[in-house]
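Structure assessment
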Amino acid sequence: MPLVAFAAASAVTIQNFAFAPSTVTIAVGDSVTWTNRDAASHSAKFSDRSTAVLSQGQSGTLQFTVAGTFPYVCGIHGASMQGTIVVQAAATAPPTAPPTAPPTQVRTAPPTTAVTVPPTVAPTQAPTAAPTTAAPSVTASATAAATETSTVSASPSAVAVQLTPAPVSGPGPGPLLFGAAALAVVALGAIAFYLVRRS
């Protein structure tokens, strides 16, 4: 099985009428150097070129710029000394993928909390002044003045009624009944006036 060497600058030794290693694999642009260790002279001859004839201890170098498989022989001893140079195309570097940016995180707004505003209540206006009610007045008719005069005085704290009976000019209970009715009307008016003042 042939020996294979991998190197940017490969070396082949010519010894005992053989090329060692017999097969060398290189890349396009690399070179191979042959060094003769035999007492006899040798060379490396290809179909299109050849090294110089190498005496013992001498070296010859060839560069390979085209990919392919190139067999060769010794230019002096012919097919009894054979070797092969395999030139591989330069390895194409895989395309560099552009750097991937980390995925952009979508910021979500925090949930909005609904705020319920209580309905606005219109302020209740307090009454500025208590309604004033006119104090009841009692107008005595001419006949009532003739029969009886009544004086009524009212204060916030008490009601006083003072009656001054008029002299009775005639017989009968008529004037007395009329006076009692007038007195009741005056008393009711005074009580109403007092209640209105308190409220």
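On a predicted model such as this, the values are computed, not experimentally measured, just so you know. (Residues numbered from 1 in each chain as written. Predicted model: local features only at pLDDT ≥ 70, side-chain atom pairs only at ≥ 80, totals over all residues. Heavy atoms only, no water.)

1. A short note on the pairing of strand 6 (residues 59-63)
- The side-chain alternation of strand 6 yields one buried face, formed by Gly60 and Leu62, and one unburied face, formed by Ser59, Thr61 and Gln63.
- Relative to strand 6, strand 5 (residues 31-36) runs antiparallel, the two sharing five bridges. Along strand 6, the bridge assignment pairs threonine 33 with threonine 61. (Buried < 20%, exposed > 50% of the residue type's maximum accessible area, 1.4 Å probe, protein only. Helix = DSSP H or I, 4+ residues; strand = E, 2+ residues; numbered from the N terminus. Pairing = 2+ DSSP bridges.)

2. Some remarks on the sheet that holds strand 3 (residues 18-20)
- If you walk across this open sheet you meet the four strands as 3-2-5-6, and the pairing is mixed. This sheet does not close on itself; its edge strands, each paired only once, are strand 3 and strand 6. For this sheet, the mean angle separating the axes of adjacent strands, direction not counted, is 25°. (Axes fitted to C-alpha atoms, helices over the stretch in contact; angles between N-to-C directions.)

3. Overview of the environment of glutamine 15
- Within the secondary structure, glutamine 15 is located in strand 2 (residues 9-15).
- Judged by its relative accessible area of 41%, glutamine 15 is partly exposed.
- Here the alpha-carbon distance between glutamine 15 and aspartate 38, two residues 23 residues apart in the chain, equals 5.2 Å.
- Leaving out residues up to four positions away in the same chain, glutamine 15 has contacts with Arg37 and Asp38. (Contact = heavy atoms within 4.5 Å.)

4. Observations regarding the packing of aromatic side chains
- Scanning the entire structure with this criterion turns up six aromatic pairs.
- Measuring from ring centre to ring centre gives 4.8 Å for phenylalanine 19 and tyrosine 72, while their planes differ by 65°; the resulting arrangement is edge-to-face. Here tyrosine 72 lies in strand 7 (residues 68-74) and phenylalanine 19 lies in strand 3, a separation of 53 residues in the sequence. Accessibility assignment for this pair places phenylalanine 19 and tyrosine 72 in one class, buried.
- Ring centres 6.0 Å apart and planes at 65° place the aromatic pair tryptophan 34 and phenylalanine 46 in the edge-to-face group. With tryptophan 34 in strand 5 and phenylalanine 46 in the loop between strand 5 and strand 6, this pair connects stretches of sequence that are twelve residues apart. Here the two residues tryptophan 34 and phenylalanine 46 agree in accessibility, since each one is buried.
- Within the aromatic cluster, the residues linked to one another by ring pairs are Phe19, Trp34, Phe46, Phe64, Phe70 and Tyr72. (Phe/Tyr/Trp six-rings, centres within 6.5 Å; stacked < 30°, edge-to-face > 60°.)

5. A short note on the confidence of the model for the chain
- Mean pLDDT over the chain: 73, with 54% of residues reaching 70 or higher.
- When the criterion is pLDDT under 50, residues 1-5 qualifies, and its contacts beyond four places in sequence or with other chains add up to eleven contacts. (pLDDT = per-residue confidence, 0-100.)

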